[in-house]
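What follows is the residue order along each chain.
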Amino acid sequence: MANSLDVERLERAVRNVYRDVAEAPAEEYHFEMGRPLAERLGYPSDDLDRIPEEAVESFAGVGYHFDLADLREGDDVLDLGSGSGTDVFVAALHVGDSGSVTGLDMTDEQLDKARILRDEAGMNSVSFEKGYVEELPFDDGTFDVVISNGVINLSPDKDRVFEETNRVLAEDGRLAISDIISEQPLPKSIKTNEDLWAACIGGAEQVDEYRTMIEDVGFDVTDLRENSTYEFVSEQAQGACQKYGVKSVSLSARNS
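All figures in this text were calculated on a predicted structure; none of them were measured in a lab.

With that out of the way, let us pick up the overall build of the protein. The helix and strand inventory of the protein stands at 12 helices and eight strands. Taken over the C-alpha trace, the protein has a radius of gyration of 17 Å; the compact-globule value for 256 residues is 18 Å, and the two agree within 12%. Carbon and sulfur atoms form 41% of the exposed surface of the protein, whose accessible area is close to 11000 Å². Distance from the positive charge centre (23 side chains) to the negative charge centre (55 side chains) of the protein: 3 Å.

This is the structure:
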């Protein structure tokens, strides 16, 4: 699929949308954002109260998977597509001072915002790095857990994302993600629509193929559930969801 897409154009559209998400969270998007969304998806209020409020304002996740991640004191965690840092900061609460959480993002405005919020909060176990989910700038076996929320669907090369994820995980490492998938194949008119791609719809993979991609690189999927409380808000996005079964799921896996 990557070869049939204008990858540079799609990447530019994604950057533009998530730059705006960082800088103007109160604007209207295809998707919902902020604390009400996070709480409805399952984030405990106590966790949200303990992390930077401005990060939560720009939260644009599609599910909750921290129960699946089973984070422990001392874990080293990587968040793929960390945005303004909500999931990084929540993970830091669970791994403590003896653990670490690294956020990876390609959007400068998101990184700048997240780093400022980290410094203001004094969360020394947290770092934010610039990079691409298809080319992780980390050594083999660096992390105990990889998390991601509504991001992998944005990649035109998801096979590569899962290969890289498996590479940077330690033996018996854990993967816990929420993402957008589809029940039916999406037509080219949607897959090449940069607006719908940046809205997490155009890049949605069929759920069976998505799971196969994960298993083919050496993961065992241990749980997969639908996030029925997540929904898109624009009329265009809702139409695509209703016609092709586009929806949010959360899953966990271990590398074997």
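Inspection of helix α11 (residues 207-216) places Y210, M213 and I214 among the buried residues, and these make up the whole buried set. Taken around the axis of α11, the buried residues stretch over an arc of 95 degrees, which confines them to a single face. Residues D208 and D216 are exposed on α11 and point more than 90 degrees away from its buried face. For α11, the elements touching its buried residues are α8 (158-168), β5 (169-182), β6 (205-206), β7 (219-226) and β8 (247-255). Positive phi appears at G218, one or two residues downstream of α11, with a value of about 115 degrees.

The computed volume of the largest pocket comes to approximately 620 Å³. In terms of lining residues, the largest pocket is bounded by 35 residues, among which V14, G81, D105, V151 and L154 are the most central. When residues in the lining of the largest pocket are grouped by element, the largest group, five residues, is from helix α1 (residues 7-23). Computed from the structure, the second largest pocket encloses a volume of approximately 180 Å³. As for the second largest pocket, its lining consists of E226, N227, S228, Y230, E231, F232, Q238, C241, Q242, V246, K247 and S248. Of all elements in the fold, only α12 (235-244) and β8 reach the threshold of two or more residues within the lining of the second largest pocket. Per-element tally for the lining of the second largest pocket: the top contributor is α12, with three residues. Grouping the amino acids of the lining of the second largest pocket by side-chain chemistry returns four nonpolar, five polar and three charged.

There is a patch of like negative charges on the surface, built from E53, E54, E57 and E120. A total of three residues in the negative patch trace back to one element, the largest contributor, which is helix α4 (residues 53-57). The residue E54 is located in helix α4 in this model.

Here the focus is the environment of P52. By secondary structure assignment, the location of P52 is in the loop between α3 (45-49) and α4. Spatially, the C-alpha atoms of P52 and A26 are 17 Å apart, while their sequence positions differ by 26 residues. When neighbours within four sequence positions are excluded, P52 is seen to be in contact with F89, L117, A121 and M123.

For the rest of this paragraph, the subject is the environment of L169. Along the chain, L169 turns up in strand β5. We classify L169 as buried; its relative accessible area is 5%. Setting aside anything within four residues of it in sequence, one finds L169 in contact with G141, F143, D144, V145, V146, R174, F219 and N255.

F31, Y43, I201 and F232 are the most contacted members of the largest nonpolar core, which has 60 residues in total. Setting aside residues up to four positions removed in sequence, F232 forms contacts with H30, F31, I180, A199, C200, I201, A237, Q238, C241 and V246. Judged by nonpolar contacts, the second largest core, of 26 residues, contains L78, L175, Y210 and L251.

We now examine the side chain of S148. Relative to the helices and strands, S148 is located in strand β4 (residues 143-149). Discounting chain neighbours no more than four positions away, the residues touching S148 are H65, D79, L80, A176, I177 and S178.

Conventions adopted
- Residues numbered from 1 in each chain as written.
- Predicted model: local features only at pLDDT ≥ 70, side-chain atom pairs only at ≥ 80, totals over all residues.
- Heavy atoms only, no water.
- Helix = DSSP H or I, 4+ residues; strand = E, 2+ residues; numbered from the N terminus.
- Rg over C-alpha atoms; globule rule 2.2 N^0.38 Å.
- Areas by Shrake-Rupley, 256 points an atom, 1.4 Å probe, with all protein chains shown as cover.
- Lys, Arg positive; Asp, Glu negative; His and termini not counted.
- Charge placed at Lys NZ, Arg CZ, Asp CG, Glu CD.
- Buried < 20%, exposed > 50% of the residue type's maximum accessible area, 1.4 Å probe, protein only.
- Arc of directions from axis to C-beta.
- Contact = heavy atoms within 4.5 Å.
- 1 Å grid on protein atoms, 1.4 Å probe; cavity = no way out; pocket = protein on both sides within 12 Å on 5 of 7 lines; lining within 4 Å.
- Points joined across faces, edges and corners; volume = space filled by probe spheres on them.
- Nonpolar A, V, L, I, M, F, W, Y, C, P; charged D, E, K, R; others polar.
- Patch = residues over 30% accessible without salt bridge, like charges linked within 9 Å, V, L, I, M, F, W, Y side chains within 5 Å.
- Salt bridge = Lys/Arg side-chain N within 4 Å of Asp/Glu carboxyl O.
- Core = buried A, V, L, I, M, F, W, Y, C linked by side-chain atoms within 4.5 Å.

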